[in-house]
Amino acid sequence: MNLDEADQLDRRRANEVPIHGAEAFAGMRRAGRLTAEALDLLCEHVRPGITTQELDDLVSGFAADHGAFCATLLYRGYPRSICTSINHVVCHGIPNDRPLRDGDILNIDVTLILDGWYGDSSRMFFVGEVPRKAARLCDVTHECLMRGVQAVAPGRTTNAIGAAIQSHAERERCSVVRDFCGHGLGRVFHDAPTILHYVEPSYDVLLKPGMLFTIEPMINLGRPQVKVLSDGWTAVTRDRSLSAQFEHTVGVTETGVEVFTFSPKGYHRPPYDVRA
């Protein structure tokens with residue numbers, strides 16, 4: 001979700017972050033697991049020569065086979081079932097017929113609706129052998145995500161998440177994208193609270209048990225600035241540096257955090273050993 005949308009949402013729902021109960025957590029577990037299974041499926045298919053449209057077709061077929069729907073399809077006019085962001089594309093890349101090339105890094109973002117609940121997750125993928133700097137960026141980004149997840153607990157605030165992510169990214173000489181953020185979800189795609197991946201003193205929401213949201217840092221090898229292309233969706237780094245993103249859907253519990261979108265096969269970050 002971009003910051004303009006988040007700002008509008010927060011103005012409409014000031015101090016009204018939804019608090020969910022056991023039924024919601026059960027629904028989110030099912031939706032989150034199915035979303036993770038869809039990403040697991042793609043681990044077996046991402047390779048040089050395949051197109052992102054073929055990957056889109058795989059996810060849409062998987063969703064249909066499991067009684068789910070792809071949330072992005074026709075959402076605000078978006079034309080595909082998943083987002084595929086390659087190399088310097090930060091997010092919202094649109095699947096097409098261009099074959100992936102050896103050395104590409106690819107983010108695939110999948111959101112499935114199952115029984116009315118939204119599961120939202122993304123992972124990075126290596127296409128063949130990738131440059132060392134690209135692999136390092138993916139490692140840093142995954143660590144940023146997991147540090148953000150570990151910062152979630154009742155009584156803490158959203159800036160604890162942002163601080164954990166920003167401090168690690170900048171310590172590793174990378175930058176955090178400011179134009180996009182995590183978001184609440186549940187039975188809707190985008191809801192309060194907004195989850196910034198950096199510290200913003202003017203916005204700091206207290207975390208309470210029952211909150212549901214995504215954490216989805218976008219980390220650039222170069223500067224943090226981005227621009228959106230003429231298609232209205234594809235966001236790229238202004239300096240053409242590489243960008244990476246990982247995303248989980250989480251819930252605040254009485255004692256900490258529950259992650260709904262962990263890979264059932266243990267495919268947490270690339271390279272993925274699909275033989276296991």
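What you see is a predicted model, and the numbers here were worked out from it, not measured in a lab.

*Asks:* Quick rundown of the overall build of the protein? Include the residues and the values.
*Replies:* The helix and strand tally for the protein stands at five helices and 15 strands. For 276 residues, the compact-globule formula gives about 19 Å, and the C-alpha radius of gyration of the protein, at 17 Å, lands near that figure. When the backbone C-alpha atoms are referred to their principal axes, the protein occupies close to 50 × 40 × 40 Å. Counting every position in the protein, which comprises 276 residues, the buried fraction comes to 58%. Of the contacts made within the protein by residues no fewer than 6 positions apart, 71% connect residues no fewer than 24 positions apart. In the protein, 29 positive and 35 negative side-chain charges are present, and the distance between their average locations comes to 5 Å.

*Asks:* Could you give an account of empty space enclosed by the protein, with specific residues and numbers?
*Replies:* Counted under the stated rule, the structure contains one cavity of 30 Å³ or more. Its boundaries defined by the atoms lining it, the largest cavity holds a volume of some 60 Å³. Looking at the largest cavity, it is lined by 13 residues, and the ones nearest its centre are Ser 122, Arg 123, His 248, Tyr 267 and His 268. Contributions of two or more residues to the lining of the largest cavity are made by β5 (117-126) and α4 (132-150). With three residues, the single largest contributor to the lining of the largest cavity is β5.

*Asks:* An account of the pairing of strand β9 (residues 212-215) is needed here, citing residue identities and associated values.
*Replies:* Across the two faces of β9 the burial is the same, with Leu 212 and Thr 214 and Phe 213 and Ile 215 all buried. As paired elements, β9 and strand β14 (residues 248-252) share four bridges and run antiparallel to each other. The partner of Phe 213 across the bridge, within β14, is Val 250.

*Asks:* Now, about the environment of Asp 120: what can you tell me, with residues and values included?
*Replies:* With respect to the helices and strands, the residue Asp 120 is situated in strand β5. Between the alpha carbons of Asp 120 and Phe 189 there is a distance of 8.7 Å; along the sequence they are 69 residues apart. If near-sequence neighbours (up to four positions away) are discounted, Asp 120 is found in contact with Thr 35, Asp 109, Val 110, Thr 111, His 183, Leu 185, Phe 189, Thr 214, Glu 247, His 248, Thr 249 and Thr 261.

*Asks:* Before we move on, could you go through the layout of surface pockets and cite the residues and values that matter?
*Replies:* In this structure, the largest pocket encloses a volume near 520 Å³. What lines the largest pocket is a set of 31 residues, among which Met 1, Asn 2, His 92, Phe 180 and Trp 233 lie closest to the centre. Elements represented by at least two residues in the lining of the largest pocket include exactly α1 (3-12), β2 (83-86), β4 (105-114) and β11 (226-228). Of the residues contributing to the lining of the largest pocket, the split by class is 12 nonpolar, 10 polar and nine charged. Looking at the second largest pocket, its volume works out to about 260 Å³. Lining the second largest pocket are 13 residues, with Val 46, Phe 126, Gly 128, Pro 271 and Tyr 272 positioned closest to its centre. Split into classes, the residues belonging to the lining of the second largest pocket amount to eight nonpolar, two polar and three charged.

*Asks:* So what's going on with the sheet that holds strand β10 (residues 218-220)? Which residues, and what values?
*Replies:* With respect to topology, three strands assemble into an open sheet ordered β6-β10-β13, the strand pairing being antiparallel. Whereas interior strands pair on both sides, the edge strands pair on one side only; in this sheet they are β6 (175-176) and β13 (243-245). Taken together, the three bridges between β10 and β13 define a ladder with antiparallel strand orientation. Paired with Asn 220 across the two strands is Ser 243, which belongs to β13.

*Asks:* Would you mind going over the sheet that holds strand β3 (residues 89-91) in detail, with residue names and values included?
*Replies:* Read across the open sheet, the three strands follow the order β3-β12-β11; overall the sheet is antiparallel. Both edges of this open sheet fall to β3 and β11, since each of them pairs with a single strand only. On average, adjacent strands in this sheet sit at an angle of 40 degrees to one another, irrespective of strand direction. Where β11 lies against strand β12 (residues 235-237), three bridges are found, and the strand directions are antiparallel. Looking across to β12, one finds that Lys 227 is bridged to Val 236.

*Asks:* Tell me what's going on with the nonpolar core, and back it up with residues and numbers.
*Replies:* Core analysis: the largest hydrophobic core is formed by 78 residues, its most contacted members being Leu 55, Ile 108, Leu 112, Phe 125, Ile 161, Phe 213 and Ile 215. Val 90, Cys 91, Val 177 and Met 218 belong to the second largest nonpolar core, which has seven residues in total.

*Asks:* Residues and numbers for the packing of helix α2 (residues 22-43) against helix α3 (residues 52-65), please.
*Replies:* Here α2 crosses α3 at 140 degrees, and the two axes come no closer than 10 Å. Handedness of the α2/α3 crossing: right-handed. Of α3, the residues touching α2 (which contributes Leu 34, Glu 37, Ala 38, Leu 41 and Leu 42) are Leu 55, Leu 58, Val 59 and Phe 62. Residues that form the contact of α2 with α3 fall into these classes: eight nonpolar, no polar and one charged.

About the criteria used
Residues numbered from 1 in each chain as written. Predicted model: local features only at pLDDT ≥ 70, side-chain atom pairs only at ≥ 80, totals over all residues. Heavy atoms only, no water. Helix = DSSP H or I, 4+ residues; strand = E, 2+ residues; numbered from the N terminus. Rg over C-alpha atoms; globule rule 2.2 N^0.38 Å. Buried < 20%, exposed > 50% of the residue type's maximum accessible area, 1.4 Å probe, protein only. Contact = heavy atoms within 4.5 Å. Lys, Arg positive; Asp, Glu negative; His and termini not counted. Charge placed at Lys NZ, Arg CZ, Asp CG, Glu CD. 1 Å grid on protein atoms, 1.4 Å probe; cavity = no way out; pocket = protein on both sides within 12 Å on 5 of 7 lines; lining within 4 Å. Points joined across faces, edges and corners; volume = space filled by probe spheres on them. Pairing = 2+ DSSP bridges. Nonpolar A, V, L, I, M, F, W, Y, C, P; charged D, E, K, R; others polar. Axes fitted to C-alpha atoms, helices over the stretch in contact; angles between N-to-C directions. Core = buried A, V, L, I, M, F, W, Y, C linked by side-chain atoms within 4.5 Å. Left-handed = near helix turned anticlockwise from the far one by under 90°.

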